[in-house]
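Take a look at the letters that make up each chain.
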Amino acid sequence: MKHGFKKRANRISKKARLKLGLQVKDYLNPNVLAEAMKAQIIDPANLNIPSESLDTLLNHREDEWSALGAHINGNPTIFINSSHPKTRIEASIMHELAHFILKHEPMGAVNYFGLPLTRFDKEQEEEAEFLGGCLQIPEECLFPLFAFEKYNLQKLAEHFHCSKQVARMRYNQEGIRYRVNAYKKKYKQSKN
Ligand SMILES: [Zn+2]
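The written sequence of each chain sets the order in which its residues are numbered from 1. Per-residue local features of the predicted model are confined to residues with pLDDT of at least 70, and side-chain atom pairs are confined, for both listing and counting, to 80 or more; whole-chain, interface and lining totals are unaffected and use all residues. Derived side-chain values reflect all non-hydrogen atoms in the structure, with water molecules and hydrogen atoms excluded from consideration.

> Help me understand the nonpolar core, please; the structure alone is not making it clear to me.
Generally speaking, soluble globular proteins have nonpolar side chains that are buried together. Grouped together as the largest cluster of nonpolar side chains are 23 residues, with contacts concentrated most on L33, I78, L97 and L131. Mapped onto this core, the elements with two or more residues apiece are α1 (5-19), α2 (30-36), β3 (75-80), α4 (86-101) and α5 (122-136). The biggest single contributor to this core is α4, with 6 residues. Two residues form a contact once any of their heavy atoms are found within 4.5 Å. Sequence-distant contacts of L97, that is, excluding residues within four places in its chain, are made with P30, L33, A34, M37, A39 and I78. Ranked by size, the runner-up nonpolar core spans 17 residues in total, among them I137, L145, F146 and A157. Here the nonpolar core consists of buried residues drawn from Ala, Val, Leu, Ile, Met, Phe, Trp, Tyr and Cys, with membership extended through side-chain atoms lying within 4.5 Å. Three exposure classes are used, based on accessible area relative to the maximum for each residue type with a 1.4 Å probe and protein chains only: buried under 20%, partly exposed in between, and exposed over 50%. Helical segments are the DSSP runs of H or I of at least four residues, strand segments are the runs of E of at least two, and each set is numbered from the N terminus.

Take a look at the structure:
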(Lines give C-alpha, C1' and ligand atoms only; values in the text may rest on other atoms or scores of the structure.)
Protein backbone atom coordinates (compact mmCIF):
# COMPACT_ATOMS: atom_id res chain seq x y z
CA MET A 1 0.00 0.00 0.00
CA LYS A 2 1.17 3.51 -0.79
CA HIS A 3 2.60 5.65 1.99
CA GLY A 4 -0.18 7.58 3.70
CA PHE A 5 -2.95 5.31 2.51
CA LYS A 6 -3.77 3.98 5.99
CA LYS A 7 -4.26 7.49 7.35
CA ARG A 8 -6.38 8.37 4.35
CA ALA A 9 -8.53 5.27 4.85
CA ASN A 10 -9.21 6.14 8.47
CA ARG A 11 -10.04 9.72 7.51
CA ILE A 12 -12.56 8.41 4.97
CA SER A 13 -14.08 6.14 7.61
CA LYS A 14 -14.42 8.97 10.12
CA LYS A 15 -15.87 11.37 7.55
CA ALA A 16 -18.43 8.80 6.40
CA ARG A 17 -19.73 8.47 9.96
CA LEU A 18 -19.85 12.18 10.67
CA LYS A 19 -21.68 12.81 7.40
CA LEU A 20 -24.33 10.30 8.45
CA GLY A 21 -24.73 11.94 11.86
CA LEU A 22 -22.86 9.20 13.67
CA GLN A 23 -19.98 9.40 16.11
CA VAL A 24 -16.63 7.84 15.27
CA LYS A 25 -17.23 5.02 17.73
CA ASP A 26 -20.69 4.20 16.38
CA TYR A 27 -21.51 1.09 14.38
CA LEU A 28 -21.95 1.97 10.71
CA ASN A 29 -24.47 -0.21 8.92
CA PRO A 30 -23.05 -0.96 5.45
CA ASN A 31 -26.56 -0.82 3.97
CA VAL A 32 -26.93 2.75 5.23
CA LEU A 33 -23.57 3.75 3.78
CA ALA A 34 -24.48 2.09 0.47
CA GLU A 35 -27.73 4.03 0.36
CA ALA A 36 -25.93 7.30 1.05
CA MET A 37 -23.55 6.45 -1.81
CA LYS A 38 -26.48 5.58 -4.07
CA ALA A 39 -25.14 2.07 -4.42
CA GLN A 40 -27.79 -0.59 -4.74
CA ILE A 41 -27.52 -3.91 -2.99
CA ILE A 42 -29.10 -6.87 -4.68
CA ASP A 43 -29.75 -10.30 -3.27
CA PRO A 44 -29.79 -12.66 -6.27
CA ALA A 45 -32.31 -14.76 -4.33
CA ASN A 46 -34.79 -11.96 -5.08
CA LEU A 47 -34.03 -11.93 -8.79
CA ASN A 48 -35.80 -14.01 -11.34
CA ILE A 49 -33.17 -16.73 -11.48
CA PRO A 50 -34.18 -20.38 -11.93
CA SER A 51 -33.72 -22.13 -8.57
CA GLU A 52 -31.13 -24.56 -9.91
CA SER A 53 -28.91 -21.77 -11.26
CA LEU A 54 -29.41 -19.84 -8.05
CA ASP A 55 -28.29 -22.83 -6.04
CA THR A 56 -25.14 -23.13 -8.17
CA LEU A 57 -24.52 -19.40 -7.80
CA LEU A 58 -24.86 -19.26 -4.03
CA ASN A 59 -23.24 -22.54 -3.15
CA HIS A 60 -20.38 -22.67 -5.58
CA ARG A 61 -17.61 -24.13 -3.47
CA GLU A 62 -14.36 -23.55 -5.37
CA ASP A 63 -14.47 -19.79 -5.26
CA GLU A 64 -16.86 -18.86 -2.47
CA TRP A 65 -18.02 -15.29 -2.67
CA SER A 66 -19.92 -13.06 -0.25
CA ALA A 67 -20.37 -9.95 -2.35
CA LEU A 68 -19.67 -8.87 -5.92
CA GLY A 69 -19.44 -5.21 -6.88
CA ALA A 70 -19.92 -3.80 -10.36
CA HIS A 71 -21.33 -0.83 -12.22
CA ILE A 72 -24.61 -1.81 -13.83
CA ASN A 73 -25.72 0.79 -16.39
CA GLY A 74 -23.33 3.15 -14.65
CA ASN A 75 -24.81 2.57 -11.19
CA PRO A 76 -22.69 1.11 -8.39
CA THR A 77 -24.23 -2.24 -7.56
CA ILE A 78 -23.35 -4.95 -5.05
CA PHE A 79 -24.68 -8.47 -5.24
CA ILE A 80 -24.70 -10.25 -1.92
CA ASN A 81 -24.62 -13.95 -1.10
CA SER A 82 -27.40 -14.12 1.45
CA SER A 83 -26.48 -17.72 2.34
CA HIS A 84 -23.40 -16.43 4.20
CA PRO A 85 -23.30 -15.27 7.84
CA LYS A 86 -24.37 -11.65 8.29
CA THR A 87 -20.98 -10.61 9.68
CA ARG A 88 -19.28 -11.88 6.55
CA ILE A 89 -21.76 -10.20 4.21
CA GLU A 90 -21.35 -6.87 6.04
CA ALA A 91 -17.55 -7.07 5.75
CA SER A 92 -17.85 -7.91 2.07
CA ILE A 93 -20.24 -5.02 1.36
CA MET A 94 -17.77 -2.63 3.04
CA HIS A 95 -14.99 -4.09 0.89
CA GLU A 96 -16.98 -3.49 -2.30
CA LEU A 97 -18.01 0.01 -1.18
CA ALA A 98 -14.31 0.70 -0.57
CA HIS A 99 -13.58 -0.09 -4.23
CA PHE A 100 -16.29 2.41 -5.22
CA ILE A 101 -15.07 5.11 -2.81
CA LEU A 102 -11.50 4.75 -4.06
CA LYS A 103 -12.75 4.89 -7.68
CA HIS A 104 -10.77 1.78 -8.55
CA GLU A 105 -10.67 1.06 -12.26
CA PRO A 106 -11.13 -2.68 -12.71
CA MET A 107 -8.85 -4.69 -14.98
CA GLY A 108 -11.97 -6.23 -16.44
CA ALA A 109 -14.92 -8.40 -15.52
CA VAL A 110 -15.85 -11.99 -16.13
CA ASN A 111 -19.23 -13.59 -16.24
CA TYR A 112 -19.72 -15.48 -13.00
CA PHE A 113 -22.84 -17.62 -13.23
CA GLY A 114 -24.60 -14.69 -14.83
CA LEU A 115 -23.24 -12.05 -12.43
CA PRO A 116 -20.38 -9.69 -13.30
CA LEU A 117 -17.24 -10.52 -11.35
CA THR A 118 -14.94 -7.53 -11.43
CA ARG A 119 -11.17 -8.06 -11.35
CA PHE A 120 -8.87 -5.63 -9.60
CA ASP A 121 -5.10 -5.64 -9.26
CA LYS A 122 -3.34 -6.65 -6.06
CA GLU A 123 -2.76 -3.15 -4.75
CA GLN A 124 -6.38 -2.19 -5.30
CA GLU A 125 -7.49 -5.34 -3.47
CA GLU A 126 -5.19 -4.51 -0.53
CA GLU A 127 -6.54 -0.97 -0.39
CA ALA A 128 -10.17 -2.10 -0.51
CA GLU A 129 -9.47 -4.68 2.18
CA PHE A 130 -7.87 -2.11 4.47
CA LEU A 131 -10.46 0.60 3.87
CA GLY A 132 -13.26 -1.94 4.30
CA GLY A 133 -11.88 -2.77 7.75
CA CYS A 134 -11.56 0.92 8.64
CA LEU A 135 -15.14 1.56 7.56
CA GLN A 136 -16.20 -1.18 9.96
CA ILE A 137 -13.92 -0.13 12.82
CA PRO A 138 -12.30 3.34 12.70
CA GLU A 139 -8.82 3.71 14.16
CA GLU A 140 -9.71 6.69 16.32
CA CYS A 141 -12.15 4.81 18.56
CA LEU A 142 -9.96 1.76 19.20
CA PHE A 143 -7.56 3.14 21.77
CA PRO A 144 -10.21 4.79 23.99
CA LEU A 145 -12.46 1.72 23.86
CA PHE A 146 -9.65 -0.59 25.03
CA ALA A 147 -7.93 1.86 27.39
CA PHE A 148 -10.97 3.37 29.11
CA GLU A 149 -14.04 1.29 28.35
CA LYS A 150 -12.70 -2.18 29.13
CA TYR A 151 -13.32 -3.53 25.65
CA ASN A 152 -12.02 -6.90 24.52
CA LEU A 153 -12.11 -8.44 21.04
CA GLN A 154 -15.44 -10.15 21.68
CA LYS A 155 -17.08 -6.92 22.76
CA LEU A 156 -15.51 -5.06 19.87
CA ALA A 157 -16.87 -7.61 17.40
CA GLU A 158 -20.35 -7.39 18.91
CA HIS A 159 -20.34 -3.60 18.94
CA PHE A 160 -19.36 -3.34 15.27
CA HIS A 161 -21.38 -6.38 14.11
CA CYS A 162 -18.26 -8.05 12.73
CA SER A 163 -16.49 -11.35 13.17
CA LYS A 164 -13.87 -11.77 15.86
CA GLN A 165 -11.27 -12.18 13.11
CA VAL A 166 -12.06 -8.72 11.74
CA ALA A 167 -11.96 -7.28 15.27
CA ARG A 168 -8.56 -8.87 15.88
CA MET A 169 -7.26 -7.72 12.49
CA ARG A 170 -8.16 -4.08 13.21
CA TYR A 171 -6.78 -4.32 16.77
CA ASN A 172 -3.46 -5.58 15.38
CA GLN A 173 -3.33 -3.23 12.39
CA GLU A 174 -3.56 -0.19 14.66
CA GLY A 175 -1.12 -1.52 17.27
CA ILE A 176 -3.66 -1.20 20.08
CA ARG A 177 -2.04 -3.65 22.52
CA TYR A 178 1.20 -1.70 22.40
CA ARG A 179 -0.53 1.65 22.72
CA VAL A 180 -2.68 0.59 25.66
CA ASN A 181 0.27 -0.99 27.48
CA ALA A 182 2.40 2.10 26.92
CA TYR A 183 -0.39 4.26 28.29
CA LYS A 184 -0.89 2.09 31.39
CA LYS A 185 2.84 2.09 32.10
CA LYS A 186 2.96 5.84 31.90
CA TYR A 187 -0.12 6.18 34.08
CA LYS A 188 1.38 3.88 36.71
CA GLN A 189 4.65 5.84 36.73
CA SER A 190 2.84 9.11 37.19
CA LYS A 191 1.02 7.67 40.19
CA ASN A 192 4.20 6.48 41.91
ZN1 LIG B 1 -12.07 -6.55 -3.95
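> Would you mind going over the coordination of the zinc ion with me for this structure?
Geometry reference: four tetrahedral donors at a metal, ideal angle 109.5 degrees. Six octahedral donors, ideal angles 90 or 180 degrees. Note that water is not among the atoms considered, so a metal site may appear incomplete; the donors listed are N, O and S atoms within 2.8 Å of the metal, with 3.2 Å applied to Na, K and Ca. Note on the zinc ion: its protein donors are H95 (NE2), H99 (NE2), E125 (OE) and E125 (OE). The metal-donor distances range over 2.1 to 2.7 Å. Given 4 donor atoms and angles of 51 to 142 degrees at the metal, the environment of the zinc ion is assigned as irregular. Each donor residue of the zinc ion belongs to the same chain, with the gaps between them written as H-x3-H-x25-E. Pair noted here: H95 is in helix α4 and E125 is in helix α5, with a separation of 30 residues, a long-range link. Judged by relative accessible area, H95 falls into the buried class, the value being 11%. Under this scheme a four-donor centre is tetrahedral when all angles range from 85 to 135 degrees, a four-donor centre is square planar and a six-donor centre octahedral when opposite donors are above 155 degrees with the rest from 65 to 115, and any other centre is irregular.

> For this particular structure, what's the right way to read the sheet that holds strand β1 (residues 40-42)?
Paired through their backbone hydrogen bonds, the strands of a sheet run either parallel or antiparallel. Spatially, β1-β3-β2 is the arrangement adopted by the 3 strands of the open sheet, whose pairing is mixed. Every other strand in the sheet has two partners, leaving β1 and β2 (67-72) as the edge strands with one partner each. Looking at each pair of strands side by side, their axes are set apart by 25 degrees on average, direction ignored. The pairing criterion is simple: DSSP has to find at least two bridges between the two strands. Here β2 pairs with β3 via 6 bridges, running antiparallel. Counterpart to L68 in the pairing with β3 is F79. Simply put, an axis is a line fit to the C-alpha atoms, just over the touching stretch for a helix, and the angle between two N-to-C directions goes from 0 to 180 degrees.

> Got a minute to help me understand the pattern of salt bridges in this structure?
Two side chains with opposite charge may pair up if their charged atoms get near one another. The working definition used for a salt bridge is a side-chain nitrogen of Lys or Arg within 4 Å of a carboxyl oxygen of Asp or Glu. Throughout the structure, instances matching the rule amount to 6 salt bridges. The partner of K122 in a salt bridge is E126, and the shortest N-O contact between them spans 3.4 Å. You can see K122 and its partner E126 sitting in helix α5, 4 residues apart, about one turn around the helix. Of the residues examined, K122 reaches a relative accessible area of 66% and is grouped as exposed. E139 is the partner of R179 in a salt bridge, and the nearest nitrogen-oxygen pair spans 3.1 Å. Separated by 40 residues along the polypeptide, R179 in helix α9 (residues 176-191) and E139 in helix α6 (residues 139-148) bring together distant segments of the chain. Residue E139 is classed as partly exposed on the basis of its relative accessible area, which comes to 22%.

> Would you take a moment to explain a nonpolar patch on the surface for this structure?
The patch calculation keeps residues exceeding 30% relative accessible area without a salt bridge and links them within 9 Å when they carry like charges or within 5 Å when they are nonpolar (Val, Leu, Ile, Met, Phe, Trp, Tyr). For the area figures, the Shrake-Rupley method with a 1.4 Å probe applies, and any residue is considered shielded solely by the protein chains shown. A grouping of F148, Y183 and Y187 is seen on the molecular surface, where their side chains present a nonpolar patch of about 330 Å² in accessible area. Position of Y187 relative to the elements: it lies in helix α9.

> Got a minute to help me understand the packing of α1 against α5 in this structure?
When two helices pack together, their arrangement is given by the angle between the helix axes and by the axis-to-axis distance. Closest axis-to-axis distance for the α1/α5 pair is 8 Å, and the angle between their directions is 40 degrees. Here α1 lies oblique to α5, going by the angle between them. Our pair here, α1 against α5, has a crossing hand that is right-handed. Contact with α1, carried on its side by F5, K6, A9, N10, I12, S13, A16 and R17, involves E127, F130, L131, C134, L135 and Q136 of α5 and no other residues of that element. The nonpolar class holds Ala, Val, Leu, Ile, Met, Phe, Trp, Tyr, Cys and Pro. Asp, Glu, Lys and Arg form the charged class, and all remaining residues, Gly among them, are polar. Classifying every residue of the contact of α1 with α5 gives 8 nonpolar, 3 polar and 3 charged. Any angle that falls under 35 degrees is termed roughly parallel, while one over 145 is termed roughly antiparallel, one within 65 to 115 roughly perpendicular, and all others oblique. For a crossing to be left-handed, the near helix must be turned anticlockwise from the far one by less than a right angle; the clockwise case is right-handed.

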